[in-house]
Amino acid sequence: MNTILVDNTAGVMTITLNRVEKKNSLTSAMYAVMADALDQANADAAVRAVVFQGHETIFSAGNDIGDFLNAPAATNESPVFRFLRGISTFPKPVIAAVCGPAVGIGTTMLFHCDLVYAGDNAAFSMPFVNLGLCPEAASSYLAPQLMGYGRAAEALLLGEPFLAEAALEMGLISRIVPPAEVAALAQRQAQKLASKPLSSLIETKRLMKKGQATLVAERMLEEGVSFGRMLREPAAREAFTAFMEKRRPDFSNT
Ligand code: COA
């Protein structure tokens, strides 16, 4: 079964995370498909908006932890970095439909979406520290900017989740609806965007993002170097092994 589904209908590319039995955790192969899909959507003038969606019960449990354990040394061309570069610089509108947990990159990718519609069951978290890691996707820059330092510290240092209401208040998401209605709302909004002049959408998005584009790219690179190093260090190895063995991690020797 395809773990990422890509559909092109009426000017909208819909990318569906489809690995529900593993809580839509993301493997290298899945990032590669999503990065390729974004490249294709960028190049194809017929695609005017992109929608990311998961399942009504789970958006994504973040990076596959088994993949983290076995990952080869990350390079700038690793699928995850290709995906993050692709989504953070994507010129056309990107919408996300989010229900249930959105963990790690499941939350940080949303910083790069233009419209996020969430179910009232959505729960966002960035537990990088709990995994012996550091933020990615420029979240160390964008989270404090969006949430204020205090709430970002709770989210990034403690790894505490926040719910849809808090995400709405801080402007990470645009609207909360019942989970069964999220995907349809995202599609309706995407169709509205697809009927507007693409050149105006692209220029408006570029202008809105202009102030932060360089800072985001620089921070993402810096985070990537640290993240790649920390993946191999004892704290992360212990966290990943503990997850696989379904036990609590012991960081006393790290
Ligand atoms: N990587 C690999 N496998 C994962 C996973 C991940 N990030 N998240 C969940 N899974 C797997 C579980 O190992 C389990 O597999 P199994 O059925 O073979 O045992 C299956 O998905 C179901 O997960 P489970 O934890 O039983 O579901 P839940 O509903 O109790 O909890 C989550 C859902 C998302 C809260 C929980 O799975 C979780 O916290 N996952 C890890 C999140 C994380 O730390 N991600 C990395 C962020 S950088």
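Check the entry above for the structure.
Residues numbered from 1 in each chain as written. Predicted model: local features only at pLDDT ≥ 70, side-chain atom pairs only at ≥ 80, totals over all residues. Heavy atoms only, no water.

### Notes on the pattern of salt bridges
Phase 1 of the analysis: Tallied over the full model, the rule gives 10 salt bridges.
Phase 2 of the analysis: Here Glu203 and Arg206 are joined by a salt bridge, their closest N and O atoms 2.9 Å apart. Here Glu203 and its partner Arg206 are both found in helix 9 (residues 198–230), 3 residues apart, which amounts to about one turn of the helix.
Phase 3 of the analysis: Relative accessible area serves as the criterion here: at 35%, Glu203 is assigned to the partly exposed category.
Phase 4 of the analysis: Classification of Arg206 as partly exposed rests on a relative accessible area of 43%.
Phase 5 of the analysis: As a salt-bridge pair, Arg247 and Glu245 come within 2.8 Å of each other at their nearest N and O atoms.
Phase 6 of the analysis: Given a relative accessible area of 36%, Arg247 falls into the partly exposed group.
Phase 7 of the analysis: Ionic contacts of the salt-bridge type, sharing partners, join the residues Asp36, Asp39 and Arg82 into one network. (Salt bridge = Lys/Arg side-chain N within 4 Å of Asp/Glu carboxyl O. Helix = DSSP H or I, 4+ residues; strand = E, 2+ residues; numbered from the N terminus. Buried < 20%, exposed > 50% of the residue type's maximum accessible area, 1.4 Å probe, protein only.)

### Looking at the sheet that holds strand 5 (residues 101–103)
Phase 1 of the analysis: Ordered in space as 5-7-8, the 3 strands form an open sheet in which the pairing is mixed. At either margin of the open sheet sits one strand with a lone partner, and together these are strand 5 and strand 8 (162–163).
Phase 2 of the analysis: As judged from the 2 bridges shared by strand 7 (residues 123–125) and strand 8, these two strands associate in the antiparallel manner. Counterpart to Phe124 in the pairing with strand 8 is Phe162. (Pairing = 2+ DSSP bridges.)

### Observations regarding the site of the ligand
Phase 1 of the analysis: Around the ligand lies a shell of 14 residues, among which Lys22, Ala61, Asn63, Ile65 and Lys246 are the nearest.
Phase 2 of the analysis: In this structure, an oxygen atom belonging to the ligand sits 3.3 Å away from a side-chain N or O atom of Lys23.
Phase 3 of the analysis: Within the backbone of Ile65, an N or O atom sits 2.8 Å from a nitrogen atom of the ligand. (Near = heavy atom within 4 Å. Polar contact = N/O pair within 3.5 Å; in protein donor to acceptor, adjacent residues only side chain to side chain.)

### Thoughts on the packing of helix 1 (residues 28–43) against helix 3 (residues 79–88)
Phase 1 of the analysis: Where helix 1 meets helix 3, the axes come as close as 8 Å, and the angle between the chain directions of the two elements is 35°. Two packed elements cross with a definite hand, and for helix 1 against helix 3 that hand is left-handed. Facing helix 1, whose interface residues are Ser28, Tyr31, Ala32, Met34, Ala35, Asp36, Leu38 and Asp39, helix 3 presents Pro79, Val80, Arg82, Phe83, Gly86 and Ile87.
Phase 2 of the analysis: Its residues assigned to classes, the contact of helix 1 with helix 3 shows 9 nonpolar, 2 polar and 3 charged. (Axes fitted to C-alpha atoms, helices over the stretch in contact; angles between N-to-C directions. Left-handed = near helix turned anticlockwise from the far one by under 90°. Contact = heavy atoms within 4.5 Å. Nonpolar A, V, L, I, M, F, W, Y, C, P; charged D, E, K, R; others polar.)

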